[in-house]
Amino acid sequence: MKENLMSQVVISGTGVFTPQEVISNAELVTSFNAYADLQNEKYVDEIAEGSRQAIAHSSEEFIFKASGIEQRHVLNKSGVLDPKIMHPVFPKRQDGELSLMAEMAVKACNIALEQAERAATDIDAVIVAASNHERAYPAVAIEVQQALGVEGFGFDMNVACSSATFGIQAATDMIRSGSARAILVVNPEICSGHLEWRDRDCHFIFGDVCTAVLLEQKNLAIATDQFEIVSTKCLTKYSNNIRNNHGFLRRSLPAGLSDQRDMQFMQEGRKVFKEVVPTVANLILEHLGEENIDVADISRMWLHQANKAMNDLIGRKVLGRVPEPDEQPNILQKYANTSSAGSIIAFSQNSNDLADGSLGIICSFGAGYSVGNVIVRKRIL
Ligand code: CO8
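Conventions adopted
Residues numbered from 1 in each chain as written. Predicted model: local features only at pLDDT ≥ 70, side-chain atom pairs only at ≥ 80, totals over all residues. Heavy atoms only, no water. Core = buried A, V, L, I, M, F, W, Y, C linked by side-chain atoms within 4.5 Å. Buried < 20%, exposed > 50% of the residue type's maximum accessible area, 1.4 Å probe, protein only. Helix = DSSP H or I, 4+ residues; strand = E, 2+ residues; numbered from the N terminus. Contact = heavy atoms within 4.5 Å. Phe/Tyr/Trp six-rings, centres within 6.5 Å; stacked < 30°, edge-to-face > 60°. pLDDT = per-residue confidence, 0-100. Salt bridge = Lys/Arg side-chain N within 4 Å of Asp/Glu carboxyl O. Near = heavy atom within 4 Å. Polar contact = N/O pair within 3.5 Å; in protein donor to acceptor, adjacent residues only side chain to side chain. Areas by Shrake-Rupley, 256 points an atom, 1.4 Å probe, with all protein chains shown as cover. Nonpolar A, V, L, I, M, F, W, Y, C, P; charged D, E, K, R; others polar.

> Any chance you could explain the nonpolar core here in plain terms?
Proteins that are soluble and globular tend to have nonpolar side chains buried together. Within the largest apolar cluster, 50 residues are counted, with the highest numbers of intra-cluster contacts made by Ile284 and Phe365. For this core, the elements supplying multiple residues, two or more each, are α2 (25-42), α5 (77-81), α9 (269-290), β11 (298-303), α10 (308-319), β12 (359-366) and β13 (370-380). Of all the elements, α9 adds the most residues to this core, at eight residues. The contacts of phenylalanine 365, once residues within four sequence positions are left out, are Cys161, Ser162, Val276, Val280, Leu303, His304, Met310, Asn311, Ile314, Ser370 and Val371. Formed by 34 residues, the second largest nonpolar core is a distinct cluster that contains Trp302, Tyr335, Leu354 and Ile362.

> Explanation requested: the packing of aromatic side chains in the structure shown.
In this description, a pair of aromatic rings is defined by centroid distance and the angle of the planes. Counted according to the given criterion, the structure contains seven aromatic pairs. Considering the side-chain rings of phenylalanine 153 and phenylalanine 155, the 6.5 Å spacing of their centres and the 5° angle between planes classify their relative orientation as stacked. With a relative accessible area of 30%, phenylalanine 153 lands in the partly exposed category. Look at phenylalanine 155 and you get partly exposed, because its relative accessible area is 29%. An angle of 80° between the planes, with centres 4.8 Å apart, marks the rings of tryptophan 302 and phenylalanine 347 as edge-to-face.

> Please explain the confidence of the model for the chain as it appears in this structure.
It should be kept in mind that the predicted coordinates are not to be read in detail where pLDDT is low. Per-residue confidence for the chain gives a mean pLDDT of 95, with 98% of residues at or over 70. Confidence drops under pLDDT 50 across residues 1-7; counting only partners more than four residues distant or on other chains, this segment forms 17 contacts.

> Before we go on, may I ask you to explain the pattern of salt bridges in this structure?
Within this structure, the stated rule accounts for 20 salt bridges. Linking arginine 52 and glutamate 46 is a salt bridge whose minimum nitrogen-to-oxygen distance equals 3.2 Å. Accessibility expressed as a relative area gives 31% for glutamate 46, which makes it partly exposed. One salt bridge in this structure joins glutamate 196 and arginine 198, with 2.9 Å as the shortest N-O distance. Among the residues examined, glutamate 196 registers a relative accessible area of 6% and is labelled buried. For arginine 198, a relative accessible area of 43% puts it in the partly exposed group.

> Looking at this structure, I do not really get the site of the ligand. What am I missing?
Near the ligand you find 26 residues, and of these Cys161, His194, Arg200, Asn307 and Ala367 are the closest. Note that a nitrogen atom of the ligand is positioned 3.5 Å from one of the side-chain N or O atoms of aspartate 201. Look at the ligand: alone it shows 1,200 Å² of surface, and the protein chains cover 76% of it. Elements represented by at least two residues in the shell around the ligand include exactly α4 (60-67) and α9. A per-element tally of the shell around the ligand places α9 first, with three residues. Considered class by class, the residues forming the shell around the ligand number twelve nonpolar, eleven polar and three charged.

> Got a minute to help me understand the side chain of serine 339 in this structure?
If you trace the backbone, serine 339 turns up in the loop between α11 (332-335) and α12 (342-349). Serine 339 gets classed as buried once you look at its relative accessible area, which sits at 4%. Here the side chain of serine 339 touches serine 131 through a polar contact of 2.5 Å, side chain to side chain. For serine 339, the residues in contact, after removing those within four places along its chain, are Ser131, Ala160, Cys161, Glu189, Cys191, Phe206 and His304.

> So what exactly am I meant to see when it comes to the environment of isoleucine 111 here?
Along the chain, the position of isoleucine 111 falls in helix α6 (residues 100-115). Expressed as a C-alpha distance, the spacing of isoleucine 111 and arginine 52, which sit 59 residues apart in the sequence, is 50 Å. Non-local contacts of isoleucine 111, meaning those with residues more than four positions away in its chain, are made with Thr14, Gly15 and Val16.

This is the structure we're talking about:
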């Protein structure tokens, strides 16, 4: 029953908008170390008397070894790298102008539409699924809907790093049940805006990007290359190990508490690594079991792009052996962690070569904790 219903939806197009500006690990470390030196100089007396700790230098070697990241794309490099600023700086836009997230989203959506050989008039809904949204309302999705010229409806959703796969599940279920024929799920991730670039433990982790996935009713899709949604499975388990306390009640906090370190991205990286790896591997295996799919029949896994060692370990646990590089492509070396967009970039850039009927897995995981797994089957018309 489930198989019949789910088989009615396909991914007919994907799009990736990549910001032009790139920060290498070397540039990032130089800027961080200059910031550390400035701070250590400013607080030299407190550091000497022991009431403040000196900020240690960051290192390129550590970053590559601990994460596999070599560079990241960002929307504004100059602000991030200025040791007196250490965050992106964006000119204020008027309410009548397209907002930053909507601008990225429109670019990624247009690529997905072109790939699917579709026009905006063929689409019934837009879901903007991302880890952070530029404002509370109106929903960014409704702005994207208007900018593209889509009739129907749009809404925003947030499941942190799993926003894209949870969005795919939501869209699949809506198409399956008949509330829409075709839905764009778009993931504008401006991670540079909520990363703490002044924290050595995490300053290297994230980058900016936007991905889009077009899902359509299978019998209407016309693109030559498609991926049928075989099944989706989502899981959440509450954890404070990845947390960001920025929120609309910020202004209401007692004096002095409205701008704290915990209002940017925070994590206990080691704990996340240890706890998330088995959860993800188990969920993938459980999901395949429920669908009566043999692991050996999976040709490719497009995993969330947070950490290379994490992906290697998940691949080993799922396959029961060391995965071949083309079985589990990584893009984090070029993009860093782009939150929910990571697995979609990997999918979009590494799926053309698969033969008709090949099975694959798009799997995301992160804050929440959240895990979203999508089993897909290649379909060539
Ligand atoms: N340079 C040099 N040394 C460093 C640096 C640095 N930059 N940073 C830390 N060190 C030092 C530490 O001080 C420590 O020293 P010591 O041993 O003397 O105490 C040593 O290096 C080891 O530090 P760690 O234990 O922290 O290093 P790890 O090996 O654990 O690597 C990682 C850190 C890379 C963060 C790793 O733990 C990891 O990748 N964990 C998984 C994290 C993960 O997947 N998180 C998912 C988060 S993404 C998500 O869910 C989306 C959230 C919403 C988006 C937010 C966007 C901003």
